[in-house]
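Below are the chains, spelled out letter by letter.
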Amino acid sequence: MSLILFAAIQCRKLHTDLDPGSSKIKYILSGDGAGTIFVINDKTGDIHAMKRLDREEKAEYTLTAQAVDRDTNKPLEPPSEFIIKVQDINDNAPEFVDGPYHATVPEMSVVGTFVTKVTATDADDPVYGNSAKLVYSILEGQPYFSIEPHTAIIKTALPNMDREAKEEYFVVIQAKDMGGHMGGLSGTTTVTITLTDVNDNPPKFAQSLYHFSVMEDVALGEPIGRVKANDLDIGENAKSSYDIIEGDGMDIFEITTDAQTQDGIIRVRKPLDFETKKSYTLKVEAANIHIDPRFISGGPFKDTATVKIVVEDADEPPVFSSPTYLLEVHENAAINSVIGQVTAHDPDVSSSPIRFSIDRHTDLERQFNINAEDGKITLATPLDRETNMWHNITIVATETRNHSQVSRVPVAIKVLDVNDNAPEFASEHEAFLCENGKPGQVIQIVSAVDKDDPKNGHYFLYSLLPEMVNNPNFTIKKNEDNTLSILAKHSGFSRQKQEVYLLPIIISDSGNPPMSSTSTLTIRVCGCSSDGIVQSCNVEAYVLPIGLSMGALIAILACIILLLVIVVLFVTLRRHKNEPLIIKDDEDVRENIIRYDDEGGGEEDTEAFDIATLQNPDGINGFLPRKDIKPDLQFMPRQGLAPVPNGVDVDEFINVRLHEADNDPTAPPYDSIQIYGYEGRGSAAGSLSSLESSASDSDQNFDYLSEWGPRFKRLGELYSVGESDKET
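Residues numbered from 1 in each chain as written. Predicted model: local features only at pLDDT ≥ 70, side-chain atom pairs only at ≥ 80, totals over all residues. Heavy atoms only, no water.

Per an unreviewed UniProt entry, the protein goes by Cadherin 8 and derives from Anser cygnoides. Its UniProt record gives the protein the following Function (unreviewed entry) comment, quoted word for word: "Cadherins are calcium-dependent cell adhesion proteins." (UniProt positions renumbered as here; feature names shortened; annotations may be inferred.)

In structure tokens form, the structure reads like this:
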């Protein structure tokens, strides 16, 4: 069972064969859209569409219908499924989904050149009827472009469209359904078509004649002017190159292309000279770099222009006749002699006079002078080729009318050699002659040097002094290599007889005039082995014992000296070891034993002792540091040192302290002096100190001092005299 409904509100009817026309049958509808889009009359079976249908939204609906008993709702027959198809009508206009469009086509294209293709879509059913059959046409853009009605391909319709005349076109395209017939729906889009450039235009100079002026002293490579050839094309098609094709300054000037502005830049290649040529005429050509062969028949793609260049006069510096000068002078040339000349002139029409000078920075020793008027260079100080063979100075030329116009030229002066140096030995030679040498044996080969530099090289003549020609011991022989051999005339030389021989030799050169000098060769007689190897050249070797060389003797002496040094060091160390180890500290007289040669001042002298210690000898509690050496750190007081009772004898006190010192683990491992501030008790003589005296000086009686023996005699006399003085 199926129904077809148009896309509009329609009505269809369902009917069952069981329906006799009574009202006991009830129709029920279910499925897509049942109750909302589609409803059924339960008595008659009529189906109604409650909304407008849109095929583009949903093309078909599947529904189920059933007839039931109205009273019992029992099915009278199985349910039936049917499909409702929505039939299309032309209710959608064509659309250009990708619009608006942009396209390009080269200018000057032929008719029918492809430009672009557009596409429109229609939502209607393309199968049913002509609702989706589209036809394309141009509403705007004729007669330049055309479009295929069915393919929508846009092509050129006119030939030789020129971009330089019109670059952009606005085209309106229409798509109409129903095959383009009346009543069809349509849609439009726009296509912007741009003509791209081709090289169809040659460059063209803005003017046929250009005028430029330039100073004659312009720097090389400096631009002096610009020319411009315009091209209606753009991009690569507008690029041009410039060349000088004719003119009297083709080698003087050059032209290059400015890549940014496409200007032709004229530059100077060679120096200009107003006095030589005052103007130039050039023919300049501008030609396209990229030429399209399709349009070569429309050429030529180049243009020419004339350029006139006027050279203006400038105040130029002087010009030397040569860029450099080379002068030669003999080293014995006289002072103030002329060694050469430089010349210069002012190239300007005014021709200013020139003054010459030497740049003294290049002639610090002022060895040369120059005439300021004529440029003649003279010698100011003597020259010496052997000291300096070349002198490089700079000559300055200055215009007298304009001192700012200055030119410089280098002058190289070569000092030529003259024979003013005598030859001499190349080095200080000392020859060695073996005592067992043979007659005619070559003792030494010597060579000579000469500071001069003759053109043909050195050639030396050697000879002995006239008084040495008949020398009985030695003779000389000239060698082919310009050296001299010294030969022994006999054998049997002895060091004991004569150890050294002096042989004066005259050396002469071949200069004009010849120069000569006398050099002395020292020949030393030596003891040699049987192979002729020198072993000893000293006479002392003969006085040494047999089998004892000088080196052995020196070694023996060195050993003796070393033993003496060891003995002296040993004795010195022994003396230092026997010295007492008491450190005398002048700042602490109370804890050191100091020996004086004068007697004390008695009771009145209270400045030299620690009175508090003498008054209370029993108050010493704690450890007294030992003073045999000065300790870096004080020892801690020893524990258990009890105070000494008043009745202890000095002898017993010392024995106790000695026992403590012997058993002291911190004591040094050698004998030392222990100092204690204990005076003792029970002395028969009594105390000499006045610390505990309760009586005054007037109550003291010192007569008992004379009873103590001869040791206290002097002390008793002193106090007796003191008492008598007081009574007096």
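*Asks:* I'd like to hear about the overall build of the protein, residue by residue, with values.
*Replies:* Assigned secondary structure in the protein consists of four helices and 41 strands. Within the protein, the fraction of its 728 residues that count as buried is 34%. Counted over contacts in the protein with a minimum sequence separation of 6, partners at least 24 positions apart contribute 66%. When the accessible surface of the protein is split by element, carbon and sulfur atoms take 53% of a total near 44600 Å². (Helix = DSSP H or I, 4+ residues; strand = E, 2+ residues; numbered from the N terminus. Buried < 20%, exposed > 50% of the residue type's maximum accessible area, 1.4 Å probe, protein only. Contact = heavy atoms within 4.5 Å. Areas by Shrake-Rupley, 256 points an atom, 1.4 Å probe, with all protein chains shown as cover.)

*Asks:* How would you summarise the state of the cysteines if you had to cite specific residues and measurements?
*Replies:* Here is the idea: a disulfide is a covalent bond, and it sits between the sulfur atoms of two cysteines. For the coordinates displayed, the defined rule picks out one disulfide. In this model, Cys434 is linked to Cys528 through a disulfide, with the two sulfur atoms separated by 2.0 Å. In this structure, the disulfide formed by Cys434 and Cys528 twists by about -85° around the S-S bond and is classed as left-handed. Residue Cys434 is located in strand β33 (residues 430-434), and its partner Cys528 is located in strand β40 (residues 516-528); the two are separated by 94 residues in the primary sequence. Cys528 sits in the buried class, given a relative accessible area of 15%. (Disulfide = S-S within 2.5 Å.)

*Asks:* An account of the sheet that holds strand β24 (residues 325-330) is requested, with residue identities and associated values reported.
*Replies:* On the basis of which strands lie adjacent, the open sheet formed by four strands has the order β24-β31-β30-β27 and mixed pairing. Looking at which strands have only one partner, the edges of the open sheet turn out to be β24 and β27 (354-358). Sheet twist, expressed as the average angle between the axes of neighbouring strands with direction ignored, equals 30°. Of the strand pairs in this sheet, β24 and strand β31 (residues 406-416) are connected by six bridges, and their pairing is parallel. (Pairing = 2+ DSSP bridges. Axes fitted to C-alpha atoms, helices over the stretch in contact; angles between N-to-C directions.)

*Asks:* Lay out the side chain of Asp348 in plain terms, naming residues and giving numbers.
*Replies:* Mapping Asp348 onto the fold places it in the loop between β26 (344-345) and β27. Of the side chains bearing the opposite charge, Arg401 lies closest to the buried Asp348, which forms no salt bridge; the N-O distance is 8.6 Å. A polar side-chain atom of Asp348 sits 2.9 Å from the main-chain amide nitrogen of Glu316. Excluding residues within four positions of it along the chain, Asp348 makes contact with Glu216, Glu275, Asp313, Ala314, Asp315, Glu316 and Glu399. (Lys, Arg positive; Asp, Glu negative; His and termini not counted. Salt bridge = Lys/Arg side-chain N within 4 Å of Asp/Glu carboxyl O. Polar contact = N/O pair within 3.5 Å; in protein donor to acceptor, adjacent residues only side chain to side chain.)

*Asks:* Pulling in residues and values, what's your account of the pattern of salt bridges?
*Replies:* The final tally for this structure, using the stated rule, is 19 salt bridges. Here Lys270 and Asp251 are joined by a salt bridge, their closest N and O atoms 4.0 Å apart. Residue Lys270 is found in the loop between β20 (263-268) and β21 (279-288), and its partner Asp251 is found in the loop between β18 (240-247) and β19 (253-257); the two are separated by 19 residues along the sequence. Judged by its relative accessible area of 39%, Lys270 is partly exposed. On the basis of relative accessible area, Asp251 is assigned to the partly exposed category, the value being 40%. Three or more residues are tied together by salt bridges with common partners; here these are Arg226, Lys228, Asp258 and Asp263.

*Asks:* Residues and numbers for helix α3 (residues 650-662), please.
*Replies:* Between its terminal C-alpha atoms α3 stretches 18 Å, which fits the 18 Å expected from 13 residues at 1.5 Å a residue. What α3 keeps buried is the set Phe653, Arg657 and Ala661. Burial along α3 is one-sided: seen end-on, the buried residues are contained in an arc of 70°. Exposed positions of α3 whose direction lies more than 90 degrees from the buried face are Asp651, His659 and Asp662. (Expected span 1.5 Å × (residues − 1). Arc of directions from axis to C-beta.)

*Asks:* Go over the environment of Asp32, please, and point to the residues and values.
*Replies:* Here Asp32 lies in the loop between β3 (25-31) and β4 (38-40). On the accessibility criterion, Asp32 (34% relative accessible area) is partly exposed. As for Asp32 and Thr62, which are separated by 30 residues in sequence, their C-alpha atoms are 5.6 Å apart. Aside from chain neighbours lying at most four places away, what touches Asp32 is Phe38, Lys58, Tyr61, Thr62 and Leu63.

*Asks:* Give me the sheet that holds strand β38 (residues 484-488): which residues, what numbers.
*Replies:* Each strand in a sheet pairs with another by means of backbone hydrogen bonds, the pair being arranged parallel or else antiparallel. The sheet built from three strands is open, its strands ordered β34-β38-β37 with antiparallel pairing. Edge positions in the sheet fall to β34 (442-446) and β37 (474-478), since each has one partner strand and no second. Each neighbouring strand pair of the sheet contributes to a mean axis angle of 25°, computed without reference to strand direction. Sheet topology places β34 next to β38; four bridges connect them, and they run antiparallel. Opposite Val442, over in β38, you have Leu487 as the bridge partner.

*Asks:* Kindly report on a nonpolar patch on the surface, identifying the contributing residues and their values.
*Replies:* A grouping of Leu553, Ile556, Leu557, Ile560 and Leu564 is seen on the molecular surface, where their side chains present a nonpolar patch of about 430 Å² in accessible area. Inspection of the secondary structure puts Ile560 in helix α1 (residues 550-578). (Patch = residues over 30% accessible without salt bridge, like charges linked within 9 Å, V, L, I, M, F, W, Y side chains within 5 Å.)

*Asks:* Before we move on, can you summarise the pairing of strand β16 (residues 209-215) with the specific residues and values?
*Replies:* Taken residue by residue, a regular strand's side chains alternate between the two faces of the sheet. On β16, burial follows the alternation: Tyr210, Phe212 and Val214 on one face are buried, whereas Leu209, His211, Ser213 and Met215 on the facing-out side are not. For β16 and strand β22 (residues 302-312), the ladder comprises seven bridges, and the chain directions are parallel. Bridge pairing in β22 places Met215 opposite Glu312.

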